[in-house]
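What follows is each chain in one-letter form.
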Amino acid sequence: MADRVQKQLEDFAPDLRELLLRDLFTLKEIKSIVDRRRKFEFDIISPDPNLSLISYKNYIKYELELDKLLQSRYRKSKLMNKNKNSNHSTINNTNKSNIPGRKKFLVEVNNKRYIHRIFRRCINRFIGNIEMYQLYLNYCKKIKSFKLFEKVLVNGISKNPNEEILWLIFASYVLKNKGIRASKNIIQKSLRILPNSLNLLSFLLNLQVKIILNSLNDTNNTGTDNTLKNSDDSKESNLELTEFTTVDSPISGEVDKCWIIYKYAHNNLNEADLNLFNDEIISIISKIPSKSPLLKKSLDQLLNNINDLRQNNSDITNTDANNTLDNTG
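Residues numbered from 1 in each chain as written. Predicted model: local features only at pLDDT ≥ 70, side-chain atom pairs only at ≥ 80, totals over all residues. Heavy atoms only, no water.

Under the criterion given, the structure shown has nine aromatic pairs. Both rings, one in Phe40 and one in Tyr59, keep their centres 4.9 Å apart while their planes meet at 15°; by these two values the pair is stacked. A residue pair is termed long-range when its members are at least 10 positions apart, and Phe40 in helix 2 (residues 27–44) and Tyr59 in helix 3 (residues 49–83) qualify at 19 residues. Accessibility assignment for this pair places Phe40 and Tyr59 in one class, buried. Aromatic pair Phe119 and Tyr136: ring centres 4.6 Å apart, planes at 5°, arrangement stacked. Here Phe119 is found in helix 5 (residues 107–125), whereas its partner Tyr136 is found in helix 6 (residues 130–142), with 17 residues between them in sequence. Among the aromatic residues, those joined into a ring-pair cluster are Phe40, Tyr59 and Tyr62. Directly above the aromatic system of Phe25 lies the positively charged group of Arg73, at a separation of 4.7 Å from the ring centroid. (Phe/Tyr/Trp six-rings, centres within 6.5 Å; stacked < 30°, edge-to-face > 60°. Helix = DSSP H or I, 4+ residues; strand = E, 2+ residues; numbered from the N terminus. Buried < 20%, exposed > 50% of the residue type's maximum accessible area, 1.4 Å probe, protein only. Lys NZ or Arg CZ within 6 Å of the ring centre and 35° of its normal.)

As a further point, take the environment of Asn162. Structurally, Asn162 is set in the loop between helix 7 (146–159) and helix 8 (164–178). Classification of Asn162 as exposed rests on a relative accessible area of 53%. The sequence separation of Asn162 and Leu194 amounts to 32 residues, and the corresponding C-alpha distance is 6.6 Å. Dropping the residues within four chain positions of it, Asn162 is found in contact with Ile193 and Leu194. (Contact = heavy atoms within 4.5 Å.)

The next subject is unusual backbone geometry. Its identity as a non-glycine residue notwithstanding, Asp23 has a phi of 60°, on the positive side. Residue position: Asp23 is located in the loop between helix 1 (2–21) and helix 2. Here Asp23 falls in the exposed class, since its relative accessible area comes to 59%. With phi around 60°, Lys144 is a residue other than glycine that occupies positive phi space. Structurally, Lys144 can be placed in the loop between helix 6 and helix 7. In this structure Lys144 comes out as exposed when scored by relative accessible area, which is 65%.

Quick look at helix 3 now. With 35 residues, helix 3 ought to run about 51 Å at 1.5 Å a step, and its terminal C-alpha atoms sit 51 Å apart, in line with that. When we look at burial in helix 3, the residues that qualify are Ser52, Leu53, Ser55, Tyr56, Tyr59, Ile60, Tyr62, Glu63, Leu66, Asp67, Leu70 and Tyr74. Among the residues of helix 3, the N-terminal cap falls to Asp48, whose side-chain oxygen and the backbone nitrogen of Asn50 are separated by 3.1 Å. (Expected span 1.5 Å × (residues − 1). Polar contact = N/O pair within 3.5 Å; in protein donor to acceptor, adjacent residues only side chain to side chain.)

Under the definition given, this model contains 14 salt bridges. For Arg117, the salt bridge is made with Asp11, and the minimal N-O distance between the two is 3.5 Å. With Arg117 in helix 5 and Asp11 in helix 1, this residue pair connects regions lying 106 residues apart in the sequence. Here Arg117 falls in the partly exposed class, since its relative accessible area comes to 22%. For Arg37, the salt bridge identified is with Glu63, shortest N-O distance 2.8 Å. Here Glu63 lies in helix 3 and Arg37 lies in helix 2, a separation of 26 residues in the sequence. Comparing Arg37 with Glu63, the two get one shared label, buried. Taken together, the shared-partner salt bridges connect Lys7, Asp11 and Arg117 into one network. (Salt bridge = Lys/Arg side-chain N within 4 Å of Asp/Glu carboxyl O.)

For the structure shown, the criterion picks out one cavity of 30 Å³ or more. Its volume calculated, the largest cavity comes out at about 80 Å³. Every residue along the wall of the largest cavity is listed here: Phe12, Asp15, Leu16, Leu19, Phe25, Ile33, Arg37, Leu66, Leu70, Val107, Asn111 and Tyr114. Here the lining of the largest cavity gets four residues from one element, more than from any other, and that element is helix 1. Broken down by class, the residue content of the lining of the largest cavity amounts to nine nonpolar, one polar and two charged. (1 Å grid on protein atoms, 1.4 Å probe; cavity = no way out; pocket = protein on both sides within 12 Å on 5 of 7 lines; lining within 4 Å. Points joined across faces, edges and corners; volume = space filled by probe spheres on them. Nonpolar A, V, L, I, M, F, W, Y, C, P; charged D, E, K, R; others polar.)

The subject of this paragraph is the packing of helix 1 against helix 2. Axis separation between helix 1 and helix 2 bottoms out at 10 Å; the angle between their running directions is 155°. Considering the angle they form, helix 1 stands roughly antiparallel to helix 2. Between helix 1 and helix 2 lies a crossing of right-handed hand. Across the interface between the two elements, Ala2, Val5, Gln8, Leu9, Phe12, Leu16, Leu19 and Leu20 from helix 1 touch Leu27, Ile30, Ile33, Val34, Arg37, Arg38, Glu41 and Phe42 from helix 2. (Axes fitted to C-alpha atoms, helices over the stretch in contact; angles between N-to-C directions. Parallel < 35°, antiparallel > 145°, perpendicular 65-115°, else oblique. Left-handed = near helix turned anticlockwise from the far one by under 90°.)

Atomic detail in the predicted coordinates should be set aside for any region of low pLDDT. Per-residue pLDDT for the chain averages 82, and the proportion of residues at 70 or more is 78%. Of the regions scoring below 50 in pLDDT, residues 96–103 engages in twelve contacts with residues more than four places distant in sequence or in other chains. Confidence drops under a pLDDT of 50 for residues 224–248, and excluding neighbours within four residues, the segment shows 26 contacts in the predicted structure. (pLDDT = per-residue confidence, 0-100.)

And the structure:
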């Protein structure tokens, strides 16, 4: 145990020496850092899981505060050096020309690597601790390490496939970076594992409504462009063609997918969650603008189907529900 701790502390030594030579930390502060890290290193490898987990959290908190202090002092040091006169700067550079790493300050980078390493050691020991995954993901996002963010998230889901929150974080991340369709694929995969999740179904429903609204906006813009390009005599006919052919056919198909999602929810959610989902889908669908008769007819038909299913409490087999959900892609 002592050898493992000593190895970890030795890895910090070059950077601590650099901090001391740069006058970013005093010798007393460096000794304090070493003492704190030594204690944390012993505590996190304790056979007591509760002590280990608490120590990991405190260790990470300490390193984050230390990193913040390091960045603050480094910025002040750079500003002070910048404001020195040229003679003073020349003397200063001559006196410290033998300090290793002067040309490129790597301590700040290395310190973040140490924080990553502590996080990895923690989640490797506490595989099912979702709180630590969330803390690590927040840290990756804060320092804009998005490739690592995705890697940590995929790793967390592979080890904890039944954790709804990780799927929702993943779907939200994919929605922002890769689009609605890719995000829908993630949610559909999650529902194969967690078919009774109200939050996942709500997320899928909202994605489907986004597709409808985006399609409606895109088609309206296309209709406007076509109108501007054509003569006054052909404006009315072009608008009619756009409204009834281009708008309604694809969007009506997307509205039908909302019905598929609802049937899946009806078959898999418990009564309390289904009541919440009923209220949500009716509220959302009612807000979709229906500017054409056929689109309005599709939305009205969807609401009627939902009301009929609620009143009749029709039975839908699991096989039908699972198969139809794949058709919402």
